[in-house]
Amino acid sequence: MSFDNILLEKNNGLATVIINRPKKLNALNKATINELHTAFKAIEDDESIRAILLTGSGEKAFVAGADISEFADFSVQEGGDLARQGQEMLFDFVENLSIPVIACVNGFALGGGLELAMACHFRIASENAKMGLPEVSLGVIPGYGGTQRLPQLVGKGKAMEMIMTAGMITADEAKGWGLVNEVVPQEELLALGEKIASKIMRNSSTAISAAIRAVNANFADGINGFDIEIDAFGECFGTEDFKEGTTAFLEKRKPNF
Ligand code: COA
């Protein structure tokens, strides 16, 4: 599978997706969104993959936002379509992927870039990373889920301030706010991502996928997350992984998922 705007590497059960438009600070144009959708779908269909890292190429940016040059002359209808299609194809798609996706924020994560990082299951960042939702400085609002996911992660007050000021926060501030889980020097970022992924990959992938569904249900309208958790918990009892996990514990050995 070959792409023009992203790179996809697979190694020992871990897929690394790299957004690769460094000259445009990895801005998300339509082609890149399409390719990311294709890549994530292919990874989900590949049974050998148990975790995904998402990062940007170069040392400056994760993603500096949606590609402003593509939508500057859009109509009301086209603007709405852009947000809806992007949310469905990429942002909601990543959030609901059954395989854990860790955003490795290696530089600017602005606008759609921060929204993409927030759609991942969790985030780690390099010391030079800067995060923000600058859309109102362009006369528009976040349209790829930012008004919803930022308050979920940092609380309503901080989200309102970030959105209204269009300002950027540092990686350390983002960690203090709960937006990223860890901050490390840039050269250590992917190694940390791999270390966390290797811990995840030791566990049951069917149970992890059920946990993603249950946690996400907490943030979905009109759904009782406790009911989803009960159903998903029950379903685990019918899996090979449950048999292996409990048997291994009782036999005092490590499980082989
Ligand atoms: N869309 C399209 N192109 C973008 C872009 C975006 N969101 N962000 C950066 N680029 C392009 C620049 O136009 C420039 O292209 P050029 O060399 O062909 O002129 C290139 O990437 C490098 O960016 P530049 O602005 O020269 O780098 P900088 O170091 O001076 O500034 C930023 C870095 C991130 C502060 C600045 O690029 C910026 O503010 N980007 C837009 C952020 C934004 O508003 N995102 C939300 C969009 S909804």
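Residues numbered from 1 in each chain as written. Predicted model: local features only at pLDDT ≥ 70, side-chain atom pairs only at ≥ 80, totals over all residues. Heavy atoms only, no water.

Novice: Explain the overall build of the chain here, please?
Specialist: Summing up its helical and strand segments, the chain has eleven helices and ten strands in all. Taken against the 2.2 N^0.38 rule, which gives 18 Å for 257 residues, the C-alpha radius of gyration of the chain at 19 Å falls within 12% of a compact globule. Considering only contacts within the chain whose residues lie at least 6 apart along the sequence, 69% involve residues at least 24 apart. A total of about 13,500 Å² of accessible surface is found on the chain, and carbon and sulfur atoms cover 53% of it. For the chain, the separation between the mean place of its 23 positive charges and that of its 35 negative charges on side chains is 5 Å. (Helix = DSSP H or I, 4+ residues; strand = E, 2+ residues; numbered from the N terminus. Rg over C-alpha atoms; globule rule 2.2 N^0.38 Å. Contact = heavy atoms within 4.5 Å. Areas by Shrake-Rupley, 256 points an atom, 1.4 Å probe, with all protein chains shown as cover. Lys, Arg positive; Asp, Glu negative; His and termini not counted. Charge placed at Lys NZ, Arg CZ, Asp CG, Glu CD.)

Novice: Teacher, can you tell me more about helix α1 (residues 30-45) here?
Specialist: Since one α-helical turn is 3.6 residues long, residues separated by three or four positions face the same way. When the terminal C-alpha atoms of α1 are compared, their 23 Å separation across 16 residues agrees well with the 22 Å that a helix rising 1.5 Å per residue should span. Turning to α1, its buried residues number three or more, namely T32, I33, E35, L36, H37, A39, F40 and I43. In the core, the buried residues of α1 are packed alongside β1 (6-11), β2 (14-19), β3 (51-56), α3 (76-95), β5 (101-105) and α4 (112-119). (Expected span 1.5 Å × (residues − 1). Buried < 20%, exposed > 50% of the residue type's maximum accessible area, 1.4 Å probe, protein only.)

Novice: I tried to follow the layout of surface pockets on my own but got confused; where do I start?
Specialist: Unoccupied space between atoms shows up once a probe the size of one water molecule is rolled over them. Put simply, the largest pocket is a space of about 1,100 Å³. Only α2 (68-71), α3, α4, α5 (146-154) and α9 (205-217) provide two or more residues apiece to the lining of the largest pocket. For the lining of the largest pocket, the element with the most residues is α3, which contributes six residues. A domain-level breakdown of the lining of the largest pocket finds at least three residues from each of domain 1 (6-201) and domain 2 (205-250). Approximately 360 Å³ is the volume attributed to the second largest pocket. Elements with a contribution of two residues or more to the lining of the second largest pocket: β7 (122-126), α5 and α9. Grouping the constituent residues of the lining of the second largest pocket by class yields eleven nonpolar, three polar and three charged. There are two domains that each give the lining of the second largest pocket at least three residues, and those are domain 1 (6-201) and domain 2 (205-250). (1 Å grid on protein atoms, 1.4 Å probe; cavity = no way out; pocket = protein on both sides within 12 Å on 5 of 7 lines; lining within 4 Å. Points joined across faces, edges and corners; volume = space filled by probe spheres on them. Domains from an automatic or database assignment. Nonpolar A, V, L, I, M, F, W, Y, C, P; charged D, E, K, R; others polar.)

Novice: Sorry, what's going on with the nonpolar core here?
Specialist: Side chains of nonpolar character tend, in soluble globular proteins, to be buried together. Within the largest apolar cluster, 49 residues are counted, with the highest numbers of intra-cluster contacts made by L36, F40, I52, L54, M131 and L179. With near-sequence residues (within four places) excluded, L179 lies in contact with L114, M118, R123, M131, L150, L153, V154, M162, I169 and A174. Ranked by size, the runner-up nonpolar core spans 15 residues in total, among them L14, A51, L189 and L192. (Core = buried A, V, L, I, M, F, W, Y, C linked by side-chain atoms within 4.5 Å.)

Novice: I would appreciate a short explanation of the pairing of β1 in the present structure.
Specialist: Looking down a regular strand, the side chains alternate between one sheet face and the other. Here β1 runs beside β2; their pairing, made up of six bridges, is antiparallel. Counted as the bridge partner of K10 is A15 from β2. The turn linking β1 back onto β2 is made up of two residues, and N12 within it adopts a positive phi angle of 50°. (Pairing = 2+ DSSP bridges.)

Novice: Where do I start with the site of the ligand in this structure?
Specialist: Near the ligand there are 15 residues, and of these K24, K60, A64, A66 and I68 occur at the shortest range. Note that an oxygen atom of the ligand is positioned 3.4 Å from one of the backbone N or O atoms of K23. The separation between a nitrogen atom of the ligand and a polar main-chain atom of A64 is 3.0 Å. (Near = heavy atom within 4 Å. Polar contact = N/O pair within 3.5 Å; in protein donor to acceptor, adjacent residues only side chain to side chain.)

Novice: Looking at this structure, I do not really get the domain arrangement of the chain. What am I missing?
Specialist: Accessible area lost during the coming together of the parts is what is often quoted as the interface size. What the domain assignment lists for the chain is domain 1 (6-201) and domain 2 (205-250). Domain 1 and domain 2 are separated by 26 Å when their C-alpha centres are compared. Here domain 1 packs against domain 2, burying approximately 610 Å² in sum over the two surfaces, 59% of which is carbon and sulfur. Interface area lost by domain 1 to domain 2 is led by R50, S98 and Q152, which between them contribute 52%. Where domain 1 touches domain 2, the interface holds zero salt bridges. (Buried area = accessible area lost by both parts, 1.4 Å probe. Salt bridge = Lys/Arg side-chain N within 4 Å of Asp/Glu carboxyl O.)

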